[in-house]
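Close look at the chain arrangement
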Amino acid sequence: MTIPVAAVGAPTAVLPTGSVGATAAVPAGHGAAFDSVLGSVDGLQQLQSTSSDLAVQAATGSLENVHDYTIAAAKSSLAIELTAAVRNKAVEAFSEIMRMQA
């Protein structure tokens, strides 16, 4: 199972910040990136769940093909590493933006 990655579009207008406690309506299309991230996290959770289920089956001896567990574990591990790398780059980019404002 592969997790699709949405293309990054051109920058759009900056939303006003408003006062503390006020919420602004998000224009249409701005939630697509957030929905994509949530979908990717759901996919990661599904990979981990599948890997865990197959690990239990392998440990109890009810798994017919051990290579199914090996493949699921490798996919789950790779997805976790990719998620951590993307998160680290996002934090690094945010930190860089904060340094530019200072």
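Here's what I pulled together on the structure shown here. This is a predicted model, so every value here is computed, not measured.

The rules behind each value
- Residues numbered from 1 in each chain as written.
- Predicted model: local features only at pLDDT ≥ 70, side-chain atom pairs only at ≥ 80, totals over all residues.
- Heavy atoms only, no water.
- Helix = DSSP H or I, 4+ residues; strand = E, 2+ residues; numbered from the N terminus.
- Buried < 20%, exposed > 50% of the residue type's maximum accessible area, 1.4 Å probe, protein only.
- Areas by Shrake-Rupley, 256 points an atom, 1.4 Å probe, with all protein chains shown as cover.
- Axes fitted to C-alpha atoms, helices over the stretch in contact; angles between N-to-C directions.
- Left-handed = near helix turned anticlockwise from the far one by under 90°.
- Contact = heavy atoms within 4.5 Å.
- Nonpolar A, V, L, I, M, F, W, Y, C, P; charged D, E, K, R; others polar.
- Salt bridge = Lys/Arg side-chain N within 4 Å of Asp/Glu carboxyl O.
- Patch = residues over 30% accessible without salt bridge, like charges linked within 9 Å, V, L, I, M, F, W, Y side chains within 5 Å.
- Expected span 1.5 Å × (residues − 1).

Examining the overall build of the chain
Within the chain one finds two helices and zero strands. In the chain, which comprises 102 residues, the proportion classed as buried is 9%. Carbon and sulfur atoms make up 64% of the accessible area of the chain, which totals about 8100 Å².

With respect to the packing of helix H1 (residues 32-60) against helix H2 (residues 66-101)
Packing of H1 against H2 leaves a shortest axis separation of 9 Å and a crossing angle of 150 degrees. Where H1 crosses over H2, the two elements pack in a sense that is left-handed. Across the interface between the two elements, Leu44, Leu47, Gln48, Thr50, Ser51, Leu54 and Ala55 of H1 pack against Asp68, Tyr69, Ala72, Ala73, Lys75, Ser76, Ala79, Ile80 and Thr83 of H2. Taken together, the residues that form the contact of H1 with H2 break down as nine nonpolar, five polar and two charged.

Some thoughts on the side chain of Ser76
Relative to the helices and strands, Ser76 resides in helix H2. Assessed through its relative accessible area of 6%, Ser76 is described here as buried. Residues contacting Ser76, with those up to four places away along its chain left out, are Leu44, Leu47, Gln48 and Ser51.

Concerning the side chain of Ser51
On the secondary structure map, Ser51 appears in helix H1. Setting aside residues up to four positions removed in sequence, Ser51 forms contacts with Tyr69, Ala72, Ala73 and Ser76.

Section: the pattern of salt bridges
Taken as a whole and assessed by the stated rule, the structure comprises one salt bridge. With its nearest N and O atoms 2.7 Å apart, the salt bridge here joins Arg99 to Glu96. Of this pair, Arg99 and Glu96 both sit in helix H2, three residues apart, which is roughly one turn of the helix.

Some points on a nonpolar patch on the surface
On the surface, a nonpolar cluster with roughly 420 Å² of combined accessible area is contributed by Phe94, Ile97, Met98 and Met100. Relative to the helices and strands, Met98 resides in helix H2. Classification of Met98 by relative accessible area gives partly exposed; the value is 37%.

Focus: H1
One turn of the α-helix equals 3.6 residues, which is why residues spaced by three or four share an orientation. For H1, which comprises 29 residues, the first-to-last C-alpha distance of 42 Å matches the rise-based estimate of 42 Å (1.5 Å per residue) to within 8%. Every buried residue of H1 is listed here: Gly43, Leu44, Leu47, Ser51 and Leu54. The secondary structure elements touched by the buried residues of H1 are H2. Backbone geometry just after H1 places Gly61 at a positive phi near 85 degrees.

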